[in-house]
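Structure at a glance
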Amino acid sequence: MAEPGTRAAEAAADRGWRLRHLPVLLIASAVLAAAAAVVGGTTRGADAALGAAVGVGVTALSYTLTTIVLAWADARDPQLVLPFGVGVYVAKMTLLGAVMVLVASTGWPGLIPLCLGIAAGVAVWTGVHIWWLATVHARRAGR
């Protein structure tokens, strides 16, 4: 077992570790957004294309914001991760709920594709993140 503070010293020596996975996840999200726009556009028109792509973008933006805030908090003091994580989560879900209610009240035909884009964005982001942790990160950590 490592001595206390060893993890912090290793993390300080490699400051980029907290955000190293972000480019891969953002590229996967961009590819998904393009595919979602094509599928939405061919099946239900321009509103669906826009809605699907924006849904993926909302997910990518949300997860990127969380990643950056948690990386910042962890770099300052690991005990800040929980309060900042919960705070960002509550703020994001409140904002997302308000936006979804507002969009739903307009009757915009891209609402369902927007929701499907959000769901697809969550699935792809989570899947790619698991892949990254299991392969790329595991190799770097020497596992």
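Source: prediction; values computed, not measured.

Topic: helix α2 (residues 22-44)
- An ideal rise of 1.5 Å per residue puts 33 Å on 23 residues; α2 measures up with 32 Å between its terminal C-alpha atoms.
- As for α2, its buried residues are in contact with α3 (46-76) and α5 (111-140).
- Just beyond α2, the residue with positive phi is Gly45, at close to 95°.

Here's the deal with helix α4 (residues 81-106)
- In this model α4 runs 37 Å from its N-terminal to its C-terminal C-alpha over 26 residues, within 8% of the 38 Å that 1.5 Å per residue would give.
- Looking only at α4, the buried set comprises Val88, Lys92, Met100 and Val103.
- Buried-residue contacts for α4 involve α3 and α5.
- Positive backbone phi, approximately 75°, marks Gly107, located one or two places after α4.

Section: the packing of α3 against α5
- At a minimum axis separation of 7 Å, α3 and α5 run at an interaxial angle of 40°. One element, α3, and the other, α5, form an angle in the oblique class. When you trace α3 past α5, the crossing you get is right-handed. Along its contact with α3, which presents Ala48, Gly51, Ala52, Val54, Gly55, Val56, Val58, Thr59, Ala60, Tyr63 and Thr64, the element α5 presents Pro113, Leu114, Gly117, Ile118, Gly121, Val122, Trp125 and Thr126.
- Here the contact of α3 with α5 is composed, by residue class, of 12 nonpolar, seven polar and no charged.

About the thresholds
- Residues numbered from 1 in each chain as written.
- Predicted model: local features only at pLDDT ≥ 70, side-chain atom pairs only at ≥ 80, totals over all residues.
- Heavy atoms only, no water.
- Helix = DSSP H or I, 4+ residues; strand = E, 2+ residues; numbered from the N terminus.
- Expected span 1.5 Å × (residues − 1).
- Contact = heavy atoms within 4.5 Å.
- Buried < 20%, exposed > 50% of the residue type's maximum accessible area, 1.4 Å probe, protein only.
- Axes fitted to C-alpha atoms, helices over the stretch in contact; angles between N-to-C directions.
- Parallel < 35°, antiparallel > 145°, perpendicular 65-115°, else oblique.
- Left-handed = near helix turned anticlockwise from the far one by under 90°.
- Nonpolar A, V, L, I, M, F, W, Y, C, P; charged D, E, K, R; others polar.

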